[in-house]
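# Architecture at a glance
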Amino acid sequence: MRALVTGGAGFIGSHLVDALVAEGWRVTVLDNLSTGTESNLKSVMDDITFCKGDIRDRQIIEKAVEDCSVIFHLAAVVSVPQTIDHPVESALINDLGTLYVLEEARKKNIKRVVFSSSCAVYGDDPQLPKKETMNLKPGSPYALQKMTAEHYMRLGYELYGLEAVSLRYFNVYGPRQDPSSPYSGVISIFMKMAIEQKSPIIYGNGDQSRDFIYVTDVVKANLLAAASAQARGQIVNIGTGSSVSINQLWDMICALTGLTIEPKYQPSRPGDIYASLANVEYAKLFLGFEHDYPFEKGLESTYEWYKQRKST
Ligand code: UD2
């Protein structure tokens, strides 16, 4: 069995590639290395076929899908602010690129496509927890592009019989998440601050909360989505069903690292969502998915990774 992982050199994609290789899959990675890195794949590079290329390039997709039975489609512009600055270019990648991948799947009769979507599609609806059947209120080009791509997945299923599955990730964290941009995931930034023993910045009063899910659990959800018969044509939240506030998060990191550093508070970010929490019933029903990593354990593994990274 061969799988194609688009965006396979990225934070989440590279963990998925590791797991697929460990399970005995043959794996092709398609990645343009815009945000992903070859170093993320260093332990499996000899075991995979690596195609450096862009999902806007139809010829390279055609080559990459050869012999595949499943496509995991993760390649995307992943930064919300970048999609606000570049709405057209990001749509070409996030939407047209997805359509190219689906079209190649249709031509080559590849049955299953698992798409990485985002809880961003819900927008700032105060209703909690977020349920897949809720009305969507995309509040950025990024969210709109993910929503559009989900619809292409749905049409792929309804019109062409593609076994399309969309996974709406909540806030994913873990090793290899890059903390270098101010819009990086809050956990990666806070880990960097803890290791450098500096005060983190908390935007707003810190009461805003997120449903954080460990990257290994997201990989597990992808593997189940590729295998489960009930998953065909579904859109499924991937979260834990519980949340922590940003204040609690920093307190937990302090407890874990033995630090007593006060955070600095700055005004809320424009457009920041107050609370985010996944309803996880569909994940259980359609994928048989439940997360394995309690938050404390995920934080600890993540901290160990950042600590080691600093010392190498
Ligand atoms: C996440 C996704 C984004 C989009 C969005 C949809 C990440 C990195 N981003 O944005 O792509 O899917 O969800 O709702 O997963 N914060 C601080 N200090 C910092 C950094 C962040 O206080 O140094 C706060 C931030 O204001 C926010 C919370 O932490 O309230 C989480 O921020 P984030 O950037 O990790 O993720 P989020 O939920 O804004």
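Residues numbered from 1 in each chain as written. Predicted model: local features only at pLDDT ≥ 70, side-chain atom pairs only at ≥ 80, totals over all residues. Heavy atoms only, no water.

## Quick look at the packing of aromatic side chains
- The full count for this structure, using the stated rule, is nine aromatic pairs.
- Judged by centre distance (6.3 Å) and plane angle (35°), the ring pair of Tyr-122 and Phe-170 falls under tilted. Of this pair, Tyr-122 sits in the loop between strand E5 (112–118) and helix H5 (141–160) while Phe-170 is found in the loop between strand E6 (163–169) and strand E7 (171–173), placing the two residues 48 residues apart along the sequence. One exposure class covers both Tyr-122 and Phe-170, and it is buried.
- When the centroid spacing of 5.0 Å and the interplanar angle of 80° are considered together, the rings of Tyr-282 and Phe-286 count as edge-to-face. In this pair, Tyr-282 and Phe-286 are both assigned in helix H9 (residues 281–287), four residues apart and thus about one turn of the helix distant.
- Positioned over the ring face of Tyr-160 is Arg-106, at 4.3 Å from the centre of the ring.
- Lying over the aromatic face of Tyr-293, Lys-297 brings its terminal NZ or CZ to 4.5 Å of the ring centre. (Phe/Tyr/Trp six-rings, centres within 6.5 Å; stacked < 30°, edge-to-face > 60°. Helix = DSSP H or I, 4+ residues; strand = E, 2+ residues; numbered from the N terminus. Buried < 20%, exposed > 50% of the residue type's maximum accessible area, 1.4 Å probe, protein only. Lys NZ or Arg CZ within 6 Å of the ring centre and 35° of its normal.)

## Topic: the site of the ligand
- Inspection of the region around the ligand gives 20 residues, with Val-186, Ile-201, Tyr-203, Arg-210 and Asp-272 positioned closest.
- Between an oxygen atom of the ligand and a side-chain N or O atom of Gln-208, the distance comes to 3.0 Å.
- At a separation of 3.4 Å, an oxygen atom of the ligand approaches a polar side-chain atom of Arg-269.
- For the ligand, whose accessible area on its own is 730 Å², the fraction buried by protein is 86%.
- Listed by contribution, the elements that provide at least two residues to the shell around the ligand are helix H6 (186–195) and strand E8 (201–203).
- The residue makeup of the shell around the ligand includes at least three contributed by each of domain 1 (2–170 + 212–239 + 279–292) and domain 2 (186–208 + 243–276 + 299–311). (Near = heavy atom within 4 Å. Polar contact = N/O pair within 3.5 Å; in protein donor to acceptor, adjacent residues only side chain to side chain. Areas by Shrake-Rupley, 256 points an atom, 1.4 Å probe, with all protein chains shown as cover. Domains from an automatic or database assignment.)

## Some words on the domain arrangement of the chain
- When its domains are assigned, the chain resolves into domain 1 (2–170 + 212–239 + 279–292) and domain 2 (186–208 + 243–276 + 299–311).
- Placing the centre of domain 1 and that of domain 2 at their C-alpha centroids yields a distance of 27 Å.
- Each partner contributes to the interface: domain 1 provides eight residues, whereas domain 2 provides twelve residues.
- Three residues, Asp-124, Phe-212 and Tyr-214, lead the burial of domain 1 against domain 2; their summed loss comes to 65% of the area buried on that side.
- In this assembly, domain 1 and domain 2 are joined by zero salt bridges.
- Across the side of domain 1 that touches domain 2, the residue classes tally to five nonpolar, one polar and two charged. (Contact = heavy atoms within 4.5 Å. Buried area = accessible area lost by both parts, 1.4 Å probe. Salt bridge = Lys/Arg side-chain N within 4 Å of Asp/Glu carboxyl O. Nonpolar A, V, L, I, M, F, W, Y, C, P; charged D, E, K, R; others polar.)

## Focus on H6
- In terms of burial, H6 is largely enclosed, as eight of its ten residues are buried.
- Buried residues of H6: Ile-187, Ser-188, Ile-189, Phe-190, Met-191, Met-193, Ala-194 and Ile-195, and no others.
- Downstream of H6 by a residue or two, Gln-197 has a phi angle that is positive, lying close to 55°.

## Comments concerning a nonpolar patch on the surface
- A contiguous nonpolar surface patch, about 370 Å² in accessible area, is contributed by Tyr-152, Leu-155, Leu-159 and Tyr-160.
- Structurally, the position occupied by Tyr-160 is in helix H5.
- Of the residues examined, Tyr-160 reaches a relative accessible area of 45% and is grouped as partly exposed. (Patch = residues over 30% accessible without salt bridge, like charges linked within 9 Å, V, L, I, M, F, W, Y side chains within 5 Å.)

## Things to note about the environment of Asp-292
- Mapping Asp-292 onto the fold places it in the loop between H9 and helix H10 (295–311).
- The sequence separation of Asp-292 and Thr-240 amounts to 52 residues, and the corresponding C-alpha distance is 9.1 Å.
- Ignoring anything within four residues of it in the chain, the contact list for Asp-292 reads Asp-217 and Lys-220.
- At 3.1 Å, the side chain of Asp-292 forms a polar contact with the side chain of Lys-220.

## Digging into the pairing of E5
- When you tally the buried positions in E5, you get seven out of seven residues, the bulk of the element.
- Here E5 shows no split at all, with Arg-112, Val-114, Ser-116 and Ser-118 on one side and Val-113, Phe-115 and Ser-117 on the other all buried.
- As paired strands, strand E4 (residues 70–73) and E5 are joined by four bridges and run parallel to one another. Bridged to Val-70 within E5 is Arg-112.
- Pairing analysis gives seven bridges linking E5 to E6, with the strands arranged parallel. Residue Phe-115 lies in a different strand from E6, and its bridge partner there is Ser-166.
- Assessed by its sense of winding, the connection that carries the chain from E5 through H5 to E6 is right-handed. (Pairing = 2+ DSSP bridges. Right-handed = clockwise from strand over helix to strand, strands pointing away.)

## Some remarks on the nonpolar core
- Core analysis: the largest hydrophobic core is formed by 39 residues, its most contacted members being Val-17, Leu-20, Val-27, Phe-72, Leu-167 and Ile-238.
- Only strand E1 (2–6), helix H1 (11–22), strand E2 (26–31), E4, E6, helix H7 (215–227), strand E11 (235–238) and H9 provide two or more residues apiece to this core.
- When residues no more than four places from it in sequence are discounted, the contact partners of Leu-167 are Val-114, Phe-115, Ser-116, Ser-117, Ser-118, Ala-221, Asn-222, Ala-225, Val-236, Ile-238 and Leu-287. (Core = buried A, V, L, I, M, F, W, Y, C linked by side-chain atoms within 4.5 Å.)

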